[in-house]
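# Observations on the three-dimensional arrangement
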Amino acid sequence: MQNDTNMISIKGVQKWFGNHHALVDINLDVHAGEVVVILGPSGSGKSTLCRTINRLETIDDGTIEIDGVPLPDESAPLARLRSEVGMVFQQFNLFAHMSVLENVMLGPVQVQGRKPAEARDQAMELLVRVGVGSQADKRPSQLSGGQQQRVAIARALAMNPKVMLFDEPTSALDPEMIKEVLDVIVELTKGGMTMVVVTHEMRFAQTAADRIIFMSEGRIVEENTPDAFFSDCDTDRAREFLSKVL
C-alpha cells in the first residue's frame, strides 16, 4: 500500500540530554503507507526518535517534516500537527474518570470541533474495530491492560491521523495480552496507515514491517527488509543483538 511520497522526513537530527548524545545525525524517510519497525537494545535512542516525530521531544539540530510540513514551534500549529500524528505509548494514558467511549470521543470534539453525535458514532465504530465495542460504557480501570491499550489505539485513530507512532505498545502488558494488541496493529498495517513502531517483539517485526531500522548508541546502524535483517544482517552489532533476543 505504500507509495513514493515521503510522509515523514528526518534530516540530520541531533538530540542531547545533558552530556548524553541521544540521537546522532539521524536521517530517515518513511513513505506514505509504509510500516517501519525500529529495533535496538535498551538505551539505543528508539523511543527518543519516535517521540521527536510529534515533538514530544525537541531536537537540537536538524529538521523533521510531516507530509512536507516542518514541525512547528508554536503551540497552536503544533496542536494541529499532533492531531495528524497519532501516538500510542507504553502506558495507556486514558482518563480514569471518563468512560471508554468518552476517552475516544474527547479529541475529536475538543481539538477538532466535531459534533458529539458524529464523534460518538465514529468512536463506537473504532471500538468495535479494535475488539472492545462491548466495553464502551466502562471505566478504564474495569478493563484488562490489553483492552486498555486497544482503547488507546482507537483514541489515536479517532483523530484520523496521517501517521501512527507506537512506542513499545506492549511492554507494559502481561504476555497473554501482547498478542491481542499486536493483532490490532497488524490489521492497521493492512489498511495503508503510515506507521512507525518501536518494539521488542521480533515476530511482529518479521511479519508486519516493510522495513527494519536497527539503532545502537543513538545511531541508525542498519536499515533492511525484515527478511534480510533476520536472515543475514549487515552489521556485527545487529548480529550480536539478534543472537541475544532470538
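Naming follows an unreviewed UniProt entry, where the protein appears as ABC-type polar-amino-acid transporter of Rhodococcus wratislaviensis NBRC 100605. According to UniProt, the comment filed for the protein under the heading Catalytic activity (unreviewed entry) is "a polar amino acid(out) + ATP + H2O = a polar amino acid(in) + ADP + phosphate + H(+)". In the Subcellular location (unreviewed entry) part of its UniProt record, the protein is described as follows: "Cell membrane".

Turning our eyes to something else, we now look at the UniProt feature "domain: ABC transporter" (unreviewed entry) in the protein. UniProt annotation of "domain: ABC transporter" (unreviewed entry) refers to residues 8–242 when read in the numbering used here. Structurally, residues 8–242 is divided into 39% helix and 26% strand, and its ends, taken at the C-alpha atoms, are 27 Å apart.

Overall, the coordinates contain 13 salt bridges when judged by the stated rule. Glu 84 is the salt-bridge partner of Lys 162, the closest N and O atoms lying 3.8 Å from each other. On the criterion of sequence distance, the pair formed by Lys 162 in the loop between α5 (145–157) and β7 (163–167) and Glu 84 in helix α2 (residues 75–84) is long-range, its members being 78 residues apart. For Asp 183, the salt bridge is made with Lys 179, and the minimal N-O distance between the two is 2.8 Å. Taken together, the residues Asp 183 and Lys 179, both in helix α6 (residues 175–189) and four residues apart, mark about one turn of the helix.

On the secondary structure map, Lys 15 appears in strand β1 (residues 6–17). Judged by relative accessible area, which is 6%, Lys 15 ranks as buried. A polar contact is formed between the side chain of Lys 15 and the backbone oxygen of Thr 58, at a distance of 3.1 Å. Residues within four places of Lys 15 in sequence aside, it is in contact with His 20, His 21, Ala 22, Leu 23, Thr 48, Glu 57, Thr 58, Ile 59 and Asp 60.

What follows covers the sheet that holds strand β9 (residues 211–216). Strand order in the open sheet formed by six strands is β6-β7-β8-β3-β9-β10, and the pairing between neighbours is mixed. In this open sheet, the two strands that pair with only one neighbour each are β6 (85–88) and β10 (219–224). Ignoring strand direction, the axes of neighbouring strands in this sheet form an average angle of 20°. Across five bridges, β7 lies against strand β8 (residues 194–198) in parallel orientation. Looking at β8, one finds that Leu 165 is bridged to Val 196. Packed on one face of the sheet, α5 meets β6 and β7 and runs near 170° to β6.

What follows covers the sheet that holds strand β5 (residues 69–70). The sheet built from four strands is open, its strands ordered β2-β1-β4-β5 with antiparallel pairing. Each having just a single partner strand, β2 (20–31) and β5 make up the two edges of the open sheet. Of the pairings in the sheet, the one linking β1 to β2 comprises eight bridges and is antiparallel in character. Paired with Asn 6 across the strands is His 31, a residue of β2.

Helix length check: α6 (15 residues) gives 22 Å between terminal C-alpha atoms against 21 Å at 1.5 Å per residue, within 8%. For α6, the set of buried residues is Met 177, Ile 178, Val 181, Leu 182, Val 184, Ile 185, Leu 188 and Thr 189. Down the axis, α6 shows its buried residues gathered within 155° of arc, on one side only. Seen from the open side of α6, the exposed residues pointing more than 90 degrees away from its buried face are Glu 176 and Lys 179. Residues of α6 that are buried make contact with β3 (35–39), α4 (116–129), α5, β7, β8 and α7 (202–208).

Each value, and the rule that gives it
Residues numbered from 1 in each chain as written. Predicted model: local features only at pLDDT ≥ 70, side-chain atom pairs only at ≥ 80, totals over all residues. Heavy atoms only, no water. UniProt positions renumbered as here; feature names shortened; annotations may be inferred. Helix = DSSP H or I, 4+ residues; strand = E, 2+ residues; numbered from the N terminus. Salt bridge = Lys/Arg side-chain N within 4 Å of Asp/Glu carboxyl O. Buried < 20%, exposed > 50% of the residue type's maximum accessible area, 1.4 Å probe, protein only. Polar contact = N/O pair within 3.5 Å; in protein donor to acceptor, adjacent residues only side chain to side chain. Contact = heavy atoms within 4.5 Å. Pairing = 2+ DSSP bridges. Axes fitted to C-alpha atoms, helices over the stretch in contact; angles between N-to-C directions. Expected span 1.5 Å × (residues − 1). Arc of directions from axis to C-beta.

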